[in-house]
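Survey of secondary and tertiary structure
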Amino acid sequence: MELDLAGAELKAVLNRLRRAQGQISGVIRMIEEGRDCEEVVTQLAAASRALDRAGFAIIATGLQQCLTDMEKGQKNGEDPEQMRARLEKLFLSLA
């Protein structure tokens, strides 16, 4: 399954990933500086949410593309049940 993010979708996913990257850098700095545990965990949780949201956006786009491919009959030799199982596995990997 090839990922094809267009314009606004691509920008949104990249923004979320950059936000997570900045938050992770901040967490590393906070740990190095010996900052308060609660502050570190709060920032780490924010980074985790940003990564999860980026992953869900990618999966949502993948689902949309798979449905479109199925409608067009371009399944690349994969039956609908195999495709559904692969997408479910991807989705659950973020849970």
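Residues numbered from 1 in each chain as written. Predicted model: local features only at pLDDT ≥ 70, side-chain atom pairs only at ≥ 80, totals over all residues. Heavy atoms only, no water.

1. With respect to the pattern of salt bridges
For the structure shown, the criterion picks out two salt bridges. Glu33 is paired through a salt bridge with Arg35; the nearest N and O atoms lie 3.6 Å apart. A salt bridge links Glu39 to Arg35, with the shortest nitrogen-to-oxygen separation between them at 2.8 Å. Judged by relative accessible area, Glu39 falls into the partly exposed class, the value being 36%. Beyond isolated ion pairs, a larger network of salt bridges with shared partners links Glu33, Arg35 and Glu39. (Salt bridge = Lys/Arg side-chain N within 4 Å of Asp/Glu carboxyl O. Buried < 20%, exposed > 50% of the residue type's maximum accessible area, 1.4 Å probe, protein only.)

2. A closer look at helix H1 (residues 7–32)
If you check H1, its first and last C-alpha atoms are 38 Å apart, about what 26 residues at 1.5 Å a residue would give, namely 38 Å. Buried within H1 are the following residues: Val13, Ala20, Gln23, Gly26, Val27 and Met30. Positioned one or two residues after H1, Gly34 has a phi angle of 75 degrees, which is positive. (Helix = DSSP H or I, 4+ residues; strand = E, 2+ residues; numbered from the N terminus. Expected span 1.5 Å × (residues − 1).)

3. Observations regarding a nonpolar patch on the surface
Judged by side-chain polarity, Leu10, Leu14, Leu17, Ile24, Ile28 and Leu51 come together as a nonpolar surface patch covering roughly 440 Å² of accessible area. Inspection of the secondary structure puts Leu17 in helix H1. (Patch = residues over 30% accessible without salt bridge, like charges linked within 9 Å, V, L, I, M, F, W, Y side chains within 5 Å. Areas by Shrake-Rupley, 256 points an atom, 1.4 Å probe, with all protein chains shown as cover.)

4. Digging into the side chain of Gln23
Relative to the helices and strands, Gln23 resides in helix H1. Residue Gln23 is classed as buried on the basis of its relative accessible area of 16%. Setting aside anything within four residues of it in sequence, one finds Gln23 in contact with Gln43, Ala46, Ala47 and Ala50. (Contact = heavy atoms within 4.5 Å.)

5. Quick word on the environment of Ala47
Along the chain, Ala47 turns up in helix H2 (residues 37–72). For the pair formed by Ala47 and Gln21, sequence separation is 26 residues and the distance between their alpha carbons is 7.5 Å. With near-sequence residues (within four places) excluded, Ala47 lies in contact with Ala20, Gln23 and Ile24.

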